[in-house]
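# Descriptive analysis of the structure
In case you want the letters, here they are:
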Amino acid sequence: MARIGVIGGGAFGTAMACVVRRSGHEAIIWSREPEVAAAINRDGTNPVFLPGIRLVPGISATDNLGAAANGADFLLLAPPAQHMRAVTTQLRPHVGRGTPVVTCSKGVERGTCALMSQVIAETLPGTPVAVLSGPSFAHDIAVDSPVGVTLACADRDVGERLAQAIGSPRFRTYLSDDDVGALIGGVLKNVIAIACGAAIGMKLGESTRATLFARGLAEMARLGLAMGARLETFMGLSGAGDLNLSCNSAKSRNTSLGIALGEGRKLQDILRERVTVQEGVHSAESVAELARRHDVDMPITLAVDQVLNHGLGVGEAVARLLAHPYHYDRISVPRQNRREA
């Protein structure tokens, strides 16, 4: 039995604690909110972020970061992406050198445009980093629905150990060594989901959403290739799989936000009503900047960024996309723009 610290008491972190506890491991959640930790310990529920679900017995929680991390065989990191640097900086005194960490957060850091693996490498040097990504709503994981995810780690031996510890017949971990591809897939699916949601809100039809899905997948792959990922990663769970779930379900926080935007609501009004984080809102600007840095054509991503961060109306964004020049329907990145893995 391993001791696993789950850093982040939101919906996904809580659900992952259920996964590892079902596999027979000790699971302790760190929550920033003392009332969440208290509810988990007292009632076996997380009423703030995962209401209505009885957690797997034996999960414990704390609002003391060191108590969750000290002595852990490995850590699952599930804070909001924009808080990753602050959390892992605080974690540093409590994480033994060589203790693996698995990032479950799907976002790009604003300002630096750093992927989560890069943030962790800077704040927890010498720590093996893996990436958990794929089509997996927290609710489905928590109630033990069958789910498949990608577990990506550049160190294959570490990846295999983590996949064995986390995986189960109903939480299937498919191993990859393309951590960059898994991270890019997890980021882009949130941005494209906002675009698909806006199409739903504007009642543009299913064909429009399918077009955005397909062209969004192409954008995801183009940026990934430019940053050193492999094309096949985007055809798997952490690419097309995650994108399909997010873009085709109103349960997706990013899709539902896009629906509200498409219906004419203002972004700040939507965010004010929500407890949970919509990662696509925070990552769109950084992804747009990555597209410019790598000279990658990403018109949907740029349109979403313009709507969220620069005051462009949703209708005008659609008009700009429809006016985008025609080109061959293929994924290609000039070799001089690729960063070899």
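Position numbers for residues start from 1 in each chain and track the written sequence from start to end. Confidence filtering applies because this is a predicted model: local features only for residues at pLDDT of at least 70, side-chain atom pairs given and counted only at 80 or more, and all residues used for totals across whole chains, interfaces and linings. The side-chain quantities take in all heavy atoms of the structure and omit both hydrogens and water.

At least two DSSP bridges between two strands are required for those strands to pair. Secondary structure elements are defined from DSSP: runs of H or I of at least 4 residues count as helices, runs of E of at least 2 residues count as strands, and each element is numbered from the N terminus. The strand order across the open sheet built from eight strands is β3-β2-β1-β4-β5-β6-β7-β8, with neighbouring strands paired in mixed fashion. The sheet terminates laterally at β3 (60-62) and β8 (171-176), the two strands that pair on one side only. Between one strand axis and the next, the sheet turns by 25 degrees as a mean value, whatever way the strands run. Here strand β1 (residues 3-7) runs beside strand β4 (residues 74-77); their pairing, made up of four bridges, is parallel. Counterpart to Ile4 in the pairing with β4 is Phe74. Fitted lines through C-alpha atoms serve as axes, helices being fitted only where they are in contact, and the angles separating the N-to-C directions of these axes extend from 0 to 180 degrees.

With that settled, the discussion passes to unusual backbone geometry. Glycine aside, residues mostly have negative phi angles, and peptide bonds mostly take the trans form. The backbone of Lys203 sits at a positive phi, close to 60 degrees, despite the residue not being glycine. Following the sequence through the fold, Lys203 ends up in the loop between α8 (179-201) and α9 (206-226). On the basis of relative accessibility, which here comes to 71%, the residue Lys203 falls in the exposed class. For Asp295, which is not a glycine, the phi torsion comes out positive at approximately 55 degrees. Working definition: with a 1.4 Å probe on protein chains only, accessible area under 20% of the residue-type maximum means buried, over 50% means exposed, and in between means partly exposed.

Formed by 73 residues in total, the largest nonpolar core has its most connected members in Ile7, Leu75, Leu91, Ile184, Leu188, Leu261 and Leu308. Per-element tally for this core: the top contributor is α8, with 14 residues. Whether two residues are in contact is decided by their heavy atoms, any of which lying within 4.5 Å being enough. Residues in contact with Leu91, not counting those within four places in the same chain, are Ile7, Leu65, Ala69, Leu75, Leu77 and Leu124. Nonpolar cores were defined as sets of buried Ala, Val, Leu, Ile, Met, Phe, Trp, Tyr and Cys residues, with membership established by side-chain atoms within 4.5 Å.

Right, let's get into the pattern of salt bridges. We define a salt bridge as a side-chain nitrogen of Lys or Arg found within 4 Å of a carboxyl oxygen belonging to Asp or Glu. Under the definition given, this model contains 18 salt bridges. Asp269 is the partner of Arg272 in a salt bridge, and the nearest nitrogen-oxygen pair spans 2.8 Å. Note that Arg272 and Asp269 are positioned in helix α12 (residues 267-272) at a spacing of three residues, about one turn of the helix. Since its relative accessible area comes to 61%, Arg272 is described here as exposed. Note that Glu316 and Arg320 form a salt bridge whose closest N and O atoms lie 3.6 Å from each other. Taken together, the positions of Glu316 and Arg320, both in helix α15 (residues 314-322) and four residues apart, correspond to about one turn of that helix.

All right, on to the packing of α8 against helix α11 (residues 253-262) then. Relative to each other, α8 and α11 sit at 40 degrees, their axes nearing to 6 Å. It follows from the interaxial angle that α8 and α11 lie oblique. The interaxial crossing formed by α8 with α11 has right-handed handedness. Counting all contacts with α8, which are made through Asn190, Ala193, Ile194, Gly197, Ala198, Ile200 and Gly201, the residues of α11 involved are Asn254, Thr255, Leu257, Gly258, Ile259, Leu261 and Gly262. All residues other than Ala, Val, Leu, Ile, Met, Phe, Trp, Tyr, Cys, Pro, Asp, Glu, Lys and Arg, Gly among them, are scored as polar; the first ten of these are nonpolar and the last four charged. Classifying every residue of the contact of α8 with α11 by side-chain character gives seven nonpolar, seven polar and no charged. Comment on the angle field: the value is read as roughly parallel under 35 degrees, roughly antiparallel over 145, roughly perpendicular from 65 to 115, and oblique elsewhere. The hand of a helix crossing depends on one turn: near helix anticlockwise from the far one by less than a right angle means left-handed, and clockwise means right-handed.

Turning our eyes to something else, we now look at empty space enclosed by the protein. Only protein atoms enter the 1 Å grid, on which a cavity is a set of points fitting a 1.4 Å probe that cannot get out and a pocket is an open set with protein on both sides within 12 Å along at least 5 of 7 lines, lining residues being those with an atom within 4 Å of a point. Grid points are joined across faces, edges and corners, and a volume is the space filled by probe spheres set on the points. Per the stated rule, a full pass over the model turns up one cavity of 30 Å³ or more. Put simply, the largest cavity is a space of about 30 Å³. Every residue lining the largest cavity is listed: Ser105, Lys106, Val131, Leu132, Ser133, Ala182, Leu183 and Gly186. Those elements giving two or more residues to the lining of the largest cavity turn out to be β6 (129-133) and α8. Class assignment of the residues belonging to the lining of the largest cavity gives a composition of four nonpolar, three polar and one charged.

Taking burial as the measure, the seven residues of strand β7 (residues 147-153) include seven buried ones, the bulk of the element. By the alternation rule, side chains of β7 split into Val147, Val149, Leu151 and Cys153 and Gly148, Thr150 and Ala152, which are all buried. One ladder, built from four bridges, connects β6 with β7; its direction is antiparallel. Within β7, the position partnered with Leu132 by the bridge is Leu151.

Before going further, it helps to spend a moment on a nonpolar patch on the surface. Excluding any residue in a salt bridge, patches collect residues exceeding 30% relative accessible area, merging like charges within 9 Å and nonpolar Val, Leu, Ile, Met, Phe, Trp and Tyr side chains within 5 Å. Per-residue accessibility takes into account occlusion by the displayed protein chains alone, with areas from the Shrake-Rupley method and a 1.4 Å probe. Judged by side-chain polarity, Leu231, Met235 and Ile331 come together as a nonpolar surface patch covering roughly 250 Å² of accessible area. Here Ile331 is to be found in the segment after α15. Taking the relative accessible area as the measure of exposure, Ile331 reaches 33% and is therefore partly exposed.

This paragraph deals with the side chain of Thr127. Summarising the element assignment, Thr127 is placed in the loop between α5 (116-123) and β6. Among the polar contacts listed, one links the side chain of Thr127 to the backbone oxygen of Leu124, at a separation of 3.0 Å. For Thr127, the contacting residues outside a window of four places in its chain are Val95, Thr99, Pro100 and Val101. Residues adjacent in sequence count toward polar contacts only when both atoms are side-chain atoms; beyond that, a polar contact is any pair of N or O atoms within 3.5 Å, and within protein one must be able to donate a hydrogen and the other to accept it.

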